[in-house]
Every structure is written in C-alpha cells, then in structure tokens.
Amino acid sequence: MTTAATHTASTLLDRRPEARTFSVQDLLDGVARGRVRIPSFPRGLKWDRMHAKLLLESLYRGYPVGTLLLWETAAPAGEGRIGSLTLPAPQMENALWVVDGQQRIVSLARILLAADPDADGFALYFDLDAADFVIPPVTGKRRDDPSRWLPMTVVLDSEKLMQWLFDHAADPGSRQRRDTAIQLGRRIREYEIPTYIVRSDDQAILRDIFNRINSAGKSLDDADVFDALNGARFQSRPSTISEISSELEKLEFGRIEESILHRLLRVLLGLSVVEGARSEPPRLADTEAEEAYRRTAATASQIILFLKSDAGIPHYDLLPCKQAFVALGRFFQFHPHPTPRSRELLARWIWRGALKGAHQGNTVSTRKVLARILPESEERSVDCMLEMVKERPSVLPDAADRFNFRFAASKLLALALLSLEPRNLLTGDRLAAGQLMRRVPSVHDSSPLLQIFSSARPGEKEEYLQSAANRLFHPPHQGGIRRLLTGITDPGLLLSHGISTAAQQRLVEGDSAAFLKLRAEWIRPRVQSFFDRHVRWDESDRPSIASLIIDDEAG
C-alpha cells in the first residue's frame, strides 16, 4: 500500500500551496528582515563553500536551481544567526519557515549579505576577467589589480555595486570589467526561484510534505519533524536536537545520535518512545518546547556522567546498546538524585543487560523497561529493572570470536581491552578513550580498533584474522602496527595490549595463527574477570540499608 493510500480525507490541505517565484533579491531581503526564517534541522548543513560556488554559477548562467518550500506560520521575536551574520528576527504572524531549500538560502545569505567580504567561511569574489567565482584573493593580488576582483557582498544592492565600480573601476580601461560586473549583478538579483508556500496547522500534513519532498534522498526522520515544528523558534539554546548533541560533545563522550536524543525527549515529555505510524508529532507552545530541549540536554548530561563514572563506559560509541540511554533518562527524570547504592545497582543493570542482549535496540524491549521505572520508588524501580536481567547468559563474548564493532558483543570486548589501560607503543603514555575513538573508520571497517594482521598468508585460515584477538587500541602508525609491536622490549608495555612475550615471539616469527591463539588465551581470563567486576552476579542486589529501614517504618 502506498503512503498516500493510508491518508484519509481529513488530512487534505484546506488550501492548496501558493505557487509563486521569489527573486534572489526579494528572498534575501526577507531573510535580512526576519520574514524568512531558517530552522536548524538535526541533519545539519552539509554544504561547504564549493557547493555554494556551484549554486552561484548556476544562478549566473541561468541554470535551474530547484524549488523552495516555505511554511507560513507565526514566529517569536529573537535573533537569527547564519554563518557570520546576526540578523534581527521580530515577532510576526506570517513568517516563512524554510522547509526545503535551507542549504541554498543559507549559502546565498552568507555570500551576498555578509558585512565583511572576507570574514565568512563561504566568502566569494568574482574574477571579472575570467568570469569565474573564486575564494577571496590575497591582499597583494587585489592591491595590484583592484578593479578585477569583485566582492560578492556588493552584488545584491545595485547602489553598492555602482559605488564599488566608481571607487575601483572608473578608468576607461576598465569598461569591460564594469559591463561584466553590472551583468553579473543583474543576473543574480533578478534570478527567479520557484517556490511553494504552505499554510496549514495540521502537523500530519506538514510531516507528510516533509517526507515526500525528501523522498528522493534521505527523508526527514521524527527528530527532523519535531525540530521543524518546535525548534529554533526561541532565542535560548539549545533550540534543536542537533544543538543538544553538539553541546553534549563538550563532555568528551562522543556525539550522541539525534534519533536517541529525540526518543529521550519524547520519554521526558511522557510520550511513547517512538511515534506511532498514525500519530501526529507533538506541537508545543514556545515555553513548553524551550523547557523540553533544556530538560533533555540536562538529563542527557546526567546520563553521560553516570555512564562514565559509575558504569565505566567512557565513550558513546562503546555503549553496547543505545536504548539503555533512553531508559536511564526515565529513571533520572523520576529520581534525579539516586543513592550511591542505586547507582551501583543501575551500573549492574547496564552490564547484565548488555551481556544478555536485553537492551537490544527495539522499542518493545525499551517500553518494557520504561514500564518498570516507578515514580514513587527509586529502590523498587532498580529492583524491577534488575529482575529483567537476573538470568546469566550461557555464553560470554570471547577474544577468539569474530569481531564486528557494529554488534554489542564486540563493543563489550573492546571495553575489556580498554580496561587493560593500553599505552602508546612509541611514548609509553596511557592512551585516553577519547583520543582512541577519534580515529575515523574506513568504509570497510567501522571499528576504531586497529587490525594487527590485515590479510592472511597462503595456507592460513582467514577466521583467525577476523577475531577480537587481532584488534588493539592504538593510534595508526605509518609503518604498520605489527612492525611496531615486534620492536617493543618493555613487557609491561606489551601486556597493556594483551600481548605476552611468548605471543610477541610468534609475531616476530610471522606465525599469525600462533600469535592470535596465544593472545586470545592470555586475554580470555582477563575478559572474564572484567565482566565479573561489573555484573557481580554472586553479590547481593539488595537496596541500601537506609531504604530498607524507611520501608519498614512505612509499612
């Protein structure tokens, strides 16, 4: 069944979108006056100066540049920020929010409206001899031939352009350059961009339009839609889920996925963890939206500090199951100041659930955990959560297992390897998790851990190389990590990576199978001990003595 077939007559637009055209000059005048508003979608702005240059070339040549989609609705007073620009944004009832075309409008504004021709990261000049858009020429070039290099910041206003020509290209020999500059200004200012304006307060229709507009590429997800309806409409920060994610990066825990933060926000609002197929995205009042974003950021910060200090998980990418992040948000919402004992038991819940696979990323399991978190009792909530993970797994991750960083078992093994406190093989310094996780994975390998052997020799079994024993935490080394390992003479330095002297000898001999077997054998009991320290299966899960006394008195 198609998407359209699922819609009823009640979701039809009351008024058809208005089809019109905006000249570039009128469009950017609307941006400058605050009529045209740019919401900050979580997917972020992906264009750079070269994309913007191609857009300007298309306008100059008269090529099509696509259609814009604007949503007419009320907007509060505030202040708009686009690149180096700070623009007034007065309160108005008929503001035009950019739904589709954000990258194009932002690029045009940063190039054509900037106060300083060189300050913005998108700044461009026009070479009047080569008829080409260029990055700002060096000062010497402009000084030697001032009439050749036209700053694009004067093009949008014909009076500014004429003043620039009078100041820089008034001599008779610059006539051709003057003609080119005037033609450029006219073609840019007068270029008409086709635009649809939607006027509707029906969020279901608006969401459907968002998704259909983006169906040719990556469609807007629920977080995108929530921000479009509620975000970037007030002055305080954070005002979008993307801004929350950026702020949280200051905690050196990596970048939290916007989809997870959106689910956390919904849970904190008392909504279901994900939006149902037939439900409408919530539309909040400005004060409600502002508080929702603020509370989500604060709760996420609390979760991160708990994961780092209590659960021993130093980076988001090492969190085995991401949905646990959302469940912790509900717990901290009801019990913002848990006792040390509750924090200890919550950490056990994290690790037991990860080893059992109970925190898998589906909404059914998340809903079950959320239902166990009770607003009236911190201790009872923890007890109910632990009850869900009380059975021990029959098999634990092993160093000889196939390693795939996309799966929870491999992340658990990575955490075990990190617990060995690996040191830099060149300097001997202890390696920090944040430093190690900044490595950009390749297209074929999503893991931040390096491979010791990248390929098997003739006659060797490939599965040895695919195991966790063939991985270690270390910054890339130009000569190869294997060669670096063979030259280490400090046994303690080797053991920080789980490599015994016997295993190193096999490495020197080039016997990869024997090396990986010995390394797996050395790592295996350390992995077991590491898991035992966190899950504490054989210890009591009783709450604190204080809570038991209080419960007895209450009874």
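Please refer to the structure higher up on the page.
All residue numbers refer to position in the chain's written sequence, counted from 1. Local features in a predicted model are, by the rule used here, given only for residues with pLDDT of at least 70; side-chain atom pairs are given and counted only at 80 or more, and totals for whole chains, interfaces and linings are based on all residues. Note: side-chain values were computed over all heavy atoms of the structure, leaving out hydrogens and water.

## Structural notes on the pairing of strand β3 (residues 68–75)
Thinking step 1. In terms of residue burial, β3 counts as a mostly covered element, since seven of its eight residues are buried.
Thinking step 2. Pairing between strands requires that DSSP locate at least two bridges from one strand to the other. Helical segments are the DSSP runs of H or I of at least four residues, strand segments are the runs of E of at least two, and each set is numbered from the N terminus. Where β3 lies against strand β10 (residues 192–198), four bridges are found, and the strand directions are parallel. What sits directly across from Leu68, in β10, is Thr195.
Thinking step 3. As paired elements, β3 and strand β6 (residues 92–100) share six bridges and run antiparallel to each other. Across the sheet, residue Ala75 finds its bridge partner in β6, namely Met92. Buried means the residue's accessible area, taken with a 1.4 Å probe over protein chains only, is under 20% of the maximum for its type, while exposed means over 50%, and partly exposed covers the values in between.

## Observations regarding the sheet that holds strand β9 (residues 149–151)
Thinking step 1. Spatial ordering of the open sheet is given by β8-β7-β9, a layout of three strands whose pairing is antiparallel. Both edges of this open sheet fall to β8 (132–134) and β9, since each of them pairs with a single strand only. Pairs of neighbouring strands in the sheet enclose a mean axial angle of 35°, with direction left out of account.
Thinking step 2. Pairing of strand β7 (residues 125–127) with β8, which is carried by three bridges, proceeds in the antiparallel orientation. Paired with Phe126 across the two strands is Phe133, which belongs to β8.
Thinking step 3. Residue contacts are counted whenever heavy atoms from the two residues lie within 4.5 Å of one another. Angular values range over 0 to 180 degrees, each being the angle between N-to-C directions of two axes fitted as lines to C-alpha atoms, with helices fitted over their stretch in contact. Where helix α2 (residues 49–61) meets the sheet, its contacts fall on β7 and β8, and the angle it forms with β8 comes to roughly 155°.

## Quick look at the packing of helix α10 (residues 258–268) against helix α11 (residues 286–309)
Thinking step 1. Where α10 meets α11, the closest approach of the two axes is 9 Å, and the angle between their N-to-C directions is 110°. Between α10 and α11, the angle is such that the two are roughly perpendicular. For the pair α10 and α11, the crossing hand works out as right-handed. Note on element contacts: α11 touches α10 through Ala292, Tyr293, Arg295, Thr296, Thr299, Ala300 and Ile303, opposite Leu261, Leu264, Leu265 and Leu268. Roughly parallel means an angle under 35 degrees; roughly antiparallel means over 145; roughly perpendicular covers 65 to 115; every other angle is labelled oblique. In a left-handed crossing the near helix is turned counterclockwise from the far helix by less than a right angle, and in a right-handed crossing that turn is clockwise.

## Focus: helix α5 (residues 158–168)
Thinking step 1. Every buried residue of α5 is listed here: Leu161, Trp164 and Leu165. Considered in projection along α5, the buried side chains sweep an arc of 100° and stay on one side of the axis. In α5, the exposed residues that point more than 90 degrees away from the buried face are Glu159 and Phe166.
Thinking step 2. Tucked into the core, α5 has its buried residues touching β9 and α6 (175–189).
Thinking step 3. Polar contact is defined as a pair of N or O atoms within 3.5 Å, subject to the rule that within protein one atom must be able to donate a hydrogen and the other to accept it, and that residues adjacent in sequence are counted only when both atoms are side-chain atoms. The opening residue of α5, the one whose side-chain oxygen lies 2.9 Å from the backbone nitrogen of Glu159, is Asp157. Here the arc refers to the set of directions running from the helix axis out to each C-beta atom.

## Brief notes about unusual backbone geometry
Thinking step 1. For Glu252, which is not glycine, the phi dihedral falls at a positive 55°.
Thinking step 2. The phi torsion at Arg536 lies on the positive side, around 50°, for a residue other than glycine.
Thinking step 3. Considering the arrangement of structural elements, one finds Arg536 in the loop between α22 (512–535) and α23 (545–554).
Thinking step 4. The class of Arg536 is partly exposed, set by a relative accessible area of 32%.

## Describing the packing of aromatic side chains
Thinking step 1. Stacked, edge-to-face and tilted are the three classes for Phe, Tyr and Trp ring pairs, Trp counted by its six-membered ring, which pair at centre distances within 6.5 Å; planes under 30 degrees apart are stacked, over 60 edge-to-face, the rest tilted. Overall, the coordinates contain 11 aromatic pairs when judged by the stated rule.
Thinking step 2. Aromatic pair Phe126 and Phe133: ring centres 4.9 Å apart, planes at 70°, arrangement edge-to-face.
Thinking step 3. Seen in terms of ring centroids, Phe253 and Tyr316 are 6.5 Å apart; in terms of plane orientation they differ by 65°. Their pairing is edge-to-face. You can see Phe253 sitting in the loop between α9 (241–248) and α10 and its partner Tyr316 sitting in the loop between α11 and α12 (323–334), a full 63 residues away along the chain. Both residues of the pair, Phe253 and Tyr316, belong to the buried class.
Thinking step 4. An aromatic cluster is built from Tyr60, Phe126 and Phe133, whose rings are joined through pairwise contacts.
Thinking step 5. Should the NZ of a Lys or the CZ of an Arg lie within 6 Å of a ring centre and within 35 degrees of the ring normal, that charge is described as sitting over the ring. Above the plane of the ring of Phe22 lies Arg20, whose end atom (NZ or CZ) is 3.9 Å from the centre.
Thinking step 6. A cation sits over an aromatic face here: Arg526 above Trp522, 3.7 Å from the ring centre.

## A few points about the nonpolar core
A general feature of soluble globular proteins is that nonpolar side chains tend to end up buried together.
Thinking step 1. Nine residue types can take part in a nonpolar core, namely buried Ala, Val, Leu, Ile, Met, Phe, Trp, Tyr and Cys, and a core is a set of them joined through side-chain atoms within 4.5 Å. Counting 93 residues, the largest nonpolar core has Leu307, Phe325, Trp349 and Trp351 as its most contacted members.
Thinking step 2. Ignoring any residue separated from it by four or fewer positions in sequence, one finds Phe325 in contact with Ile256, Ile260, Leu261, Leu264, Ala300, Ile303, Ile304, Leu307 and Leu319.
Thinking step 3. One finds Leu55, Leu59, Leu70 and Phe133 within the second-largest nonpolar core, a separate group that totals 46 residues.

## A look at the packing of α12 against helix α13 (residues 340–356)
When two helices pack together, you describe them by how their axes are tilted relative to each other and by the distance separating the axes.
Thinking step 1. At a closest axis distance of 12 Å, the pairing of α12 and α13 adopts a crossing angle of 160°. As summarised for this structure, α12 and α13 are arranged roughly antiparallel, according to the angle between their axes. As α12 packs across α13, the resulting crossing turns out to be right-handed. Contact residues: α12 offers Ala324, Ala327, Leu328, Phe331 and Phe332, while α13 offers Arg343, Leu346, Trp349 and Ile350.
Thinking step 2. Each residue is assigned to one of three groups, with Ala, Val, Leu, Ile, Met, Phe, Trp, Tyr, Cys and Pro labelled nonpolar, Asp, Glu, Lys and Arg labelled charged, and all others, Gly among them, labelled polar. Across the contact of α12 with α13, the residue classes break down as eight nonpolar, no polar and one charged.

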